[in-house]
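Structural overview
Here is how the chains run, residue by residue.
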Amino acid sequence: KYWSDDVVEVVPVDSTHAYFRAELAFYNGHSCSIAGVAKAVGNKLVYREKQASYDGGPTCRLTITTKGKSLLLDDGDGSCQSYCGARGSLSGFDLIPLSSKRPIGYMARLKGSSQFKQAIADWKAGKND
């Protein structure tokens, strides 16, 4: 047994886009780590990479929405598998209760992070929608 916290950050970038970062740990010791800028489409945030992953796998498409009382991350067919360990997955991941939502108290540090800067740079360069 080990202790872990799943973290999902969502920060507005403009009126139709938001930066997101997810750090998820699974009971089997595997994890997923992904960050990017997603577009608001209806009641979902949708992240779409424009080119296939480095290993020739499918193009990552991730949606972030709510399902009941949980936050749902879903890459449907496993298209974002390259961001996870061998047994981690972003397919239908809905174990984050909305009741755990809280303000981000480290916003300056988040915006200064390499993940945030790279996600914004990739978005501005048109590497994702």
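Heads up: these notes are all about the structure in this document. (Residues numbered from 1 in each chain as written. Predicted model: local features only at pLDDT ≥ 70, side-chain atom pairs only at ≥ 80, totals over all residues. Heavy atoms only, no water.)

Observations concerning the state of the cysteines
For the coordinates displayed, the defined rule picks out two disulfides. The side chain of Cys-32 participates in a disulfide bridge whose partner is Cys-84; the two sulfur atoms lie 1.9 Å from each other. Given an S-S torsion of about 110 degrees, the disulfide between Cys-32 and Cys-84 has right-handed geometry. Separated by 52 residues along the polypeptide, Cys-32 in strand E3 (residues 31-41) and Cys-84 in the loop between strand E6 (70-74) and strand E7 (93-97) bring together distant segments of the chain. In terms of burial, Cys-32 and Cys-84 fall into one category: buried. Here Cys-60 connects covalently by a disulfide to Cys-80, the sulfurs 1.9 Å from one another. Disulfide Cys-60-Cys-80: the torsion about the S-S bond is 90 degrees, which places it as right-handed. One end of the pair, Cys-60, is in the loop between strand E4 (44-48) and strand E5 (61-67); the other, Cys-80, is in the loop between E6 and E7, with 20 residues separating them in the sequence. If the cysteines joined by disulfides in the protein chain are listed in sequence order, their pairing comes out as 1-4, 2-3. (Disulfide = S-S within 2.5 Å. Helix = DSSP H or I, 4+ residues; strand = E, 2+ residues; numbered from the N terminus. Buried < 20%, exposed > 50% of the residue type's maximum accessible area, 1.4 Å probe, protein only.)

Brief notes about the pairing of E3
Sheet analysis places strand E2 (residues 17-25) next to E3, joined by nine bridges and oriented antiparallel. Considered in E3, the bridge of Ala-22 is made with Ile-34. One ladder, built from three bridges, connects E3 with E4; its direction is antiparallel. Each residue of the ladder has a partner; that of Ala-40, found in E4, is Leu-45. Two successive antiparallel strands, E3 and E4, enclose a turn made up of two residues, where Gly-42 displays a positive phi of approximately 65 degrees. (Pairing = 2+ DSSP bridges.)

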